[in-house]
Amino acid sequence: MRSSRFMVALFMALALLAFAAQFVIDFTPDNIAASCIVLASSLAILLYILWTQAIQTHPLSTFAIFGFCVTSQLGALLAQSASGVSLTHNLRQPLDTFAWLALFQGTAMLSHALYRTFSKPQEQQRPNILRAMLQRFGLYTPPTVGTLWMLGLIGLCGQLLGSISQGAVGKIGQSFAFVAWAPFLIPMFAAEMGRAYCDKKRNYTFLFIYIGLIALLALAANARGMMLSGLMTISIFFMLRALRSLQRVTALQVGKFALLGLLVAGLSIPLSDLMVAMSIARNSRATATPMKMVEDTFYYVTQPDKLKAARESATTASRFESYDETYFDNPLLGRLMETKFHDNAMYFATRLSERDQDRLWDITGDFLWTTLPDPALKALKIKVDKDAMRFTMGDYLSHMGGAGDLGGYKTGSGFGHGLAMFGIYFPLIYFFICPILFMAVDVLSYRAAQGCVFVSALGMLGIWKMFQYGITTESLQGFFMYVVRGVPQNILMYLLTLWIARTCANALATLLGSERKHPARNRLVPG
């Protein structure tokens, strides 16, 4: 059996087992109905991957749809079943939420099928102007190992600038901080290109040291996302690679995969404790030094009573407070899954009055204007107070629904926002939004002269966020910001830092007298 078919079959088997487990865990009409919806939605995207060439010809956009299914539906079914918890546990309106999520996924799949029909590459067709220009600037050229390490150092500097400075310097640092994960691409390029790419033993040793450094910085800054980003980037890319691979799976590979699954399951418990410890230590982040944050985190990890009390406090809050984000017992899963955020936003969207909906239109317009820089706003004579907009759409929907004040930076849902504004017509609107999102995502992949479609280094760097938010965002304006500002800005910052890193790496290699390895440039054809 080929790797791609094995992966699809594995996900199907896990989904069916988790579905069967829900009959034992909670045999109530609502839970079984919700489980049926999630199973049907999950099988739909898996069969789409199995029966079409979508994952081969348009890997990133197809993977984004699959990622939405995993992070909002299938992942919830697997995680809750493995924990012995009902799928509908602590959701405000589980049937409505899962039905809407399945509908939006089906809409995205239908739109994607149509999009693939019109964007199918022709063998002799020349690349369009945009792709040819990006190829010329080096977006689709695999970086050398030295360049990846230099990108990582630049990204670390950006992380530090973003954490210690709140002004313009901090914003500049944050804009290129994402390349800090560049060294994590070394295993990916090594897997794609083989031994000729790098000395695996030496670079993997450095990579483990780098992981430790990132972990310490994450503890010092109390940034849980920073700690997970690198490892999640590697894991999710290799999932995509396995879903696309046409190589046959051997018994040895299945055994290694099973051992890896057991290792991940075993590490989830201590990682969960670490996430809770970091959340407790966060209470003193404003005044504590970085070293003190590290010490406090390790202290709380060794205090099971305090960890238990923190978990019980979160559970109590979910039962009695008007707003909560608790769905999984394991906080690590809460960082990876979006189910609860969609449920909250969709629930509060149903509680808005006509007057609230009118105000929502106004505030959405203001949010759209704030995406423009101040000079542009002044030139257009648009009066928007950006300081007064320091809240999220998740804040606004919950506030209008009677669950707290603004300013908490709650995570929202673009689907909940859209339903609040357009009601049952939003799926139709979303159908036409999807091709724009797909084009923005797929520009980060390219088809080489031999016909294979590859993912660029920038696409690899953003694979985790693409998996989570490739076809959904926190709000409606998030769709606009992602296409108009997010993707172009990331491309521009990546190309700039790539040029700096490549120049520095070549200069260092020349100074040390070492031989530079240049990955073969793939002649671009339409992808």
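Use the structure listed above.
Because the structure is predicted, anything quoted here is derived from the model rather than measured.

Each value, and the rule that gives it
- Residues numbered from 1 in each chain as written.
- Predicted model: local features only at pLDDT ≥ 70, side-chain atom pairs only at ≥ 80, totals over all residues.
- Heavy atoms only, no water.
- Helix = DSSP H or I, 4+ residues; strand = E, 2+ residues; numbered from the N terminus.
- Rg over C-alpha atoms; globule rule 2.2 N^0.38 Å.
- Buried < 20%, exposed > 50% of the residue type's maximum accessible area, 1.4 Å probe, protein only.
- Contact = heavy atoms within 4.5 Å.
- Areas by Shrake-Rupley, 256 points an atom, 1.4 Å probe, with all protein chains shown as cover.
- Lys, Arg positive; Asp, Glu negative; His and termini not counted.
- Charge placed at Lys NZ, Arg CZ, Asp CG, Glu CD.
- Axes fitted to C-alpha atoms, helices over the stretch in contact; angles between N-to-C directions.
- Parallel < 35°, antiparallel > 145°, perpendicular 65-115°, else oblique.
- Nonpolar A, V, L, I, M, F, W, Y, C, P; charged D, E, K, R; others polar.
- Salt bridge = Lys/Arg side-chain N within 4 Å of Asp/Glu carboxyl O.
- Phe/Tyr/Trp six-rings, centres within 6.5 Å; stacked < 30°, edge-to-face > 60°.
- Lys NZ or Arg CZ within 6 Å of the ring centre and 35° of its normal.

A. Region of the structure containing the overall build of the chain. A count of helical and extended segments in the chain gives 24 helices and three strands. Relative to a compact globule of 527 residues, whose C-alpha radius of gyration would be 24 Å, the chain shows 23 Å and is just as compact. In terms of overall dimensions, the chain has C-alpha extents of about 65 × 55 × 55 Å along its principal axes. Classification of the 527 residues of the chain by burial places 49% in the buried group. Contacts in the chain between residues at least 24 apart in sequence constitute 78% of all its contacts with a sequence separation of at least 6. Accessible surface, the chain: about 25,800 Å² in total, of which carbon and sulfur atoms supply 64%. Within the chain, the 30 negative side-chain charges are centred at a point lying 14 Å from the centre of the 44 positive side-chain charges.

B. Molecular detail of the side chain of Ser 445. If you trace the backbone, Ser 445 turns up in strand β1 (residues 445-448). Beyond its immediate chain neighbours, meaning those up to four positions away, Ser 445 contacts Pro 59, Leu 60, Arg 131, Tyr 140, Val 453, Phe 454, Val 455 and Ser 456.

C. Expanded view of the packing of helix α10 (residues 200-221) against helix α11 (residues 224-244). Relative to each other, α10 and α11 sit at 155°, their axes nearing to 8 Å. When the axes of α10 and α11 are compared, the pair comes out roughly antiparallel. For the pair formed by α10 and α11, the contact residues are Ile 211, Ile 214, Ala 215, Leu 217, Ala 218 and Leu 219 on the first element and Met 226, Met 227 and Leu 231 on the second. For the contact of α10 with α11, the class distribution of residues is nine nonpolar, no polar and no charged.

D. Focus on the pattern of salt bridges. Here the structure, examined in full by the defined rule, presents one salt bridge. Here Lys 410 ties to Asp 395 by a salt bridge, and the two come within 3.6 Å at their closest N and O atoms. Remark: Asp 395 occurs in helix α19 (residues 393-400) and Lys 410 occurs in the loop between α19 and α20 (414-422); sequence separation between them is 15 residues. Take Lys 410: its relative accessible area is 12%, and that puts it in the buried class.

E. Layout of the packing of aromatic side chains. In the structure shown here, the tally under the stated rule is 31 aromatic pairs. Centroid distance Phe 68 to Phe 415: 5.5 Å. Interplanar angle 75°. Geometry classified as edge-to-face. Taken together, the positions of Phe 68 in helix α4 (residues 59-82) and Phe 415 in helix α20 put the pair 347 residues apart, joining distant regions of the chain. Of the residues examined, Phe 68 reaches a relative accessible area of 1% and is grouped as buried. With a centroid separation of 6.2 Å and an interplanar angle of 15°, the aromatic rings of Phe 422 and Phe 426 are classed as stacked. In this structure Phe 422 comes out as partly exposed when scored by relative accessible area, which is 28%. Residue Phe 426 is classed as buried on the basis of its relative accessible area of 0%. These aromatic residues form a ring-pair network of at least three members: Phe 68, Trp 100, Phe 104, Trp 361, Phe 415, Phe 422, Phe 426, Tyr 430 and Phe 479. Sitting over the face of the ring of Trp 464, Lys 465 holds its NZ or CZ atom 4.9 Å from the ring centroid.

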